Amino acid sequence: LRDSDLTLSVNVSVQQLHDDAFITTLTHLLDRHGFAPHRLILEVVESLLVTPGVASRLNALRALGIRLALDDFGTGYSSLRYLQDFQVDEIKIDKIFVDAIKERQDAPLVRSIIALGKALELRVVAEGIESAFQQDYLVTNGVDFLQGYYLARPEPVDAFLRRLDTPSRR
């Protein structure tokens, strides 16, 4: 994937961010594999942002060029202040909100989260897409990226790479 434009998103725990070797190890791995830091997105949950010492680690990661995503947005200790105080590059709409998108119904919370993300110039990712209707609704309302079983199921790396070389059927 080194020569592609694909990004890699990885969930990060509070234990990892408290590990003094985490940033050094991460930097070493990026260098060893020739993976550009701007293509790595570390996903953190909102509750992690109130943990003492985490803000300085997140700032250090951003200084390396690594991007940050606020995962499961709206489900934890939600505070719009996090979006103001912590520099994140994207917000991920949790599946619980996507599940509310049903045919012949509106999903005002999803629309509002998308609008908020756009107003803050953040990438907006929706997770848990399980139907064409959800996909169409989210795309129509301006989501940047979609995740979910409707689009692809977990698979071995070799199967994923083969699928990248195959023109999309959807």
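It should be emphasised that the depicted structure is a prediction, and the values quoted were computed from it without experimental measurement.

A.B. asks: Which parts of the structure should I look at to understand the environment of Asp20?
C.D. replies: Mapped onto the elements, Asp20 comes out in the loop between helix 1 (14–18) and helix 2 (22–33). Note: C-alpha distance between Asp20 and Arg162 (142 residues apart in sequence) is 38 Å. There is a polar contact of 2.7 Å between the side chain of Asp20 and the side chain of Arg57.

A.B. asks: Can you help me understand the sheet that holds strand 5 (residues 123–126) in this one?
C.D. replies: Strands in a sheet are paired, the pairing made by backbone hydrogen bonds, and the direction either parallel or antiparallel. Strand order in the open sheet formed by 6 strands is 1-2-3-4-5-6, with parallel pairing between adjacent strands. Taken across any chain shown, the strands that pair with only one partner, and hence form the sheet edges, are strand 1 (8–11) and strand 6 (145–146). By the bridge criterion, 3 bridges tie strand 3 (residues 67–73) to strand 4 (residues 90–93) in an arrangement that is parallel. Of the residues in strand 4, the one forming a bridge with Leu70 is Ile91.

A.B. asks: Quick question: what am I supposed to make of unusual backbone geometry here?
C.D. replies: A negative phi angle is the norm for most residues apart from glycine, just as the trans form is the norm for most peptide bonds. Of note, the phi angle at Asp72 is positive, near 55°, even though the residue is not glycine. Inspection of the secondary structure assignment puts Asp72 in strand 3. Overall, the relative accessible area of 22% leaves Asp72 in the partly exposed class. A positive phi is found at Glu121, a non-glycine position, where the angle reads about 60°. As for its position among the elements, Glu121 is in the loop between helix 6 (108–119) and strand 5.

Reading the values: rules and limits
- Residues numbered from 1 in each chain as written.
- Predicted model: local features only at pLDDT ≥ 70, side-chain atom pairs only at ≥ 80, totals over all residues.
- Heavy atoms only, no water.
- Helix = DSSP H or I, 4+ residues; strand = E, 2+ residues; numbered from the N terminus.
- Polar contact = N/O pair within 3.5 Å; in protein donor to acceptor, adjacent residues only side chain to side chain.
- Pairing = 2+ DSSP bridges.
- Buried < 20%, exposed > 50% of the residue type's maximum accessible area, 1.4 Å probe, protein only.

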